[in-house]
Amino acid sequence: MKKWISFALILALVVLLPATVMAKPAYAHEAQNKVKAHAVLNVKLPVYHVTGGTSDQVDDDNPYKGHITVTTPRGANNLIIRGVIDELKKKTEYSVWVQKLSGYTGTYLDRNTSLHYYKLVLFKTDDDGHGNFHLKIADKDLPAGTYELQVAVNEGATTVAATKKWLEVTVK
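These numbers come from a predicted model, not from an experiment.

**Q** I tried to follow the overall build of the chain on my own but got confused; where do I start?
**A** Summing up its helical and strand segments, the chain has one helix and twelve strands in all. For the chain, the α and β elements follow one another from N to C terminus as α-β-β-β-β-β-β-β-β-β-β-β-β. Within the chain, the proportion of its 172 residues that are buried is 34%. Of the contacts made within the chain by residues no fewer than 6 positions apart, 60% connect residues no fewer than 24 positions apart. Here the chain has roughly 10,800 Å² of accessible surface; of this, 57% comes from carbon and sulfur atoms.

Structure, rendered in structure tokens:
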């Protein structure tokens, strides 16, 4: 009787083991595809002083203390842009402009249609000249595609800080 139980157990292992081993690669492949489909971009960029009051003249030898982070998350928003900047004027209002948002249909404070440049948010610095901002661009407001972005900080109509041109970002 023991021989039959051992034989049945071995036979079951021989029959079931290959099926189990063969099933794992298919599952692993599906898991890899899901990870790729939900890959995120999370880039921390230096923000620089500009010369001539324009984001076309980024002084990459003269960074501000701070950074701008660009993220494409897995969720309800295609694009999130956050910034933390020190050394700005104290108690001053600044605006954040994002360039090249071709096809953007969301709300904005101002825009330059020929450059696809949008003023999206305002922030005010504190008593020490420290400021920060956070903006979300929703899926419905930005078509899927690849964008070359630059983020600029303006005081009035004058650009005082910007990232380098161009950060390539793909949103899906």
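**Q** Even after reading the chapter, I still don't get the pattern of salt bridges, so can you show me in this structure?
**A** Side chains carrying opposite charge are able to pair once their charged atoms draw close together. Tallied over the full model, the rule gives six salt bridges. Ionic pairing is found between Lys165 and Asp56, a salt bridge with its closest N-O pair at 2.3 Å. Of the two residues, Lys165 sits in the loop between strand S11 (158-162) and strand S12 (167-171) while Asp56 sits in the loop between strand S2 (48-50) and strand S3 (58-63), which places them 109 residues apart along the sequence. Assessed through its relative accessible area of 56%, Asp56 is described here as exposed. With a shortest N-O distance of 3.3 Å, Lys100 and Glu148 are connected by a salt bridge. Of this pair, Lys100 sits in the loop between strand S6 (93-99) and strand S7 (110-112) while Glu148 sits in strand S10 (residues 145-155), and the two are 48 residues apart along the sequence.

**Q** Would you mind showing me how to read the pairing of S10 here?
**A** On a regular strand, one side chain projects to one face of the sheet and the next to the other, so that they alternate. Strand direction decides the pairing type here: S6 and S10, joined by five bridges, are antiparallel. Residue pairing for S10: Gln99 is matched across the bridge by Gln150. By the bridge criterion, five bridges tie S10 to S12 in an arrangement that is antiparallel. If you follow Thr146 over to S12, its bridge partner there is Thr170.

**Q** I would appreciate a short explanation of the side chain of Asp141 in the present structure.
**A** Summarising the element assignment, Asp141 is placed in the loop between strand S9 (131-138) and S10. Accessibility expressed as a relative area gives 13% for Asp141, which makes it buried. Sequence-distant contacts of Asp141, that is, excluding residues within four places in its chain, are made with Gly103, Tyr104, Thr105 and Gly106.

**Q** For this particular structure, what's the right way to read the packing of aromatic side chains?
**A** A full pass over the atoms with the stated rule returns five aromatic pairs. With 4.9 Å between their ring centres and 65° between their planes, Tyr104 and Tyr118 make a pair best called edge-to-face. Taken as a pair, Tyr104 in the loop between S6 and S7 and Tyr118 in strand S8 (residues 117-124) lie far apart in primary sequence, 14 residues in all. Tyr118 carries the same exposure label as Tyr104, and that label is buried. Here the aromatic cluster, defined as three or more aromatic residues joined through ring pairs, consists of Tyr94, Phe123 and Phe133. The positively charged end of Lys100 is found above the aromatic ring belonging to Trp166, 4.4 Å away from the centroid.

Reading guide: rules and limits
Residues numbered from 1 in each chain as written. Predicted model: local features only at pLDDT ≥ 70, side-chain atom pairs only at ≥ 80, totals over all residues. Heavy atoms only, no water. Helix = DSSP H or I, 4+ residues; strand = E, 2+ residues; numbered from the N terminus. Buried < 20%, exposed > 50% of the residue type's maximum accessible area, 1.4 Å probe, protein only. Contact = heavy atoms within 4.5 Å. Areas by Shrake-Rupley, 256 points an atom, 1.4 Å probe, with all protein chains shown as cover. Salt bridge = Lys/Arg side-chain N within 4 Å of Asp/Glu carboxyl O. Pairing = 2+ DSSP bridges. Phe/Tyr/Trp six-rings, centres within 6.5 Å; stacked < 30°, edge-to-face > 60°. Lys NZ or Arg CZ within 6 Å of the ring centre and 35° of its normal.

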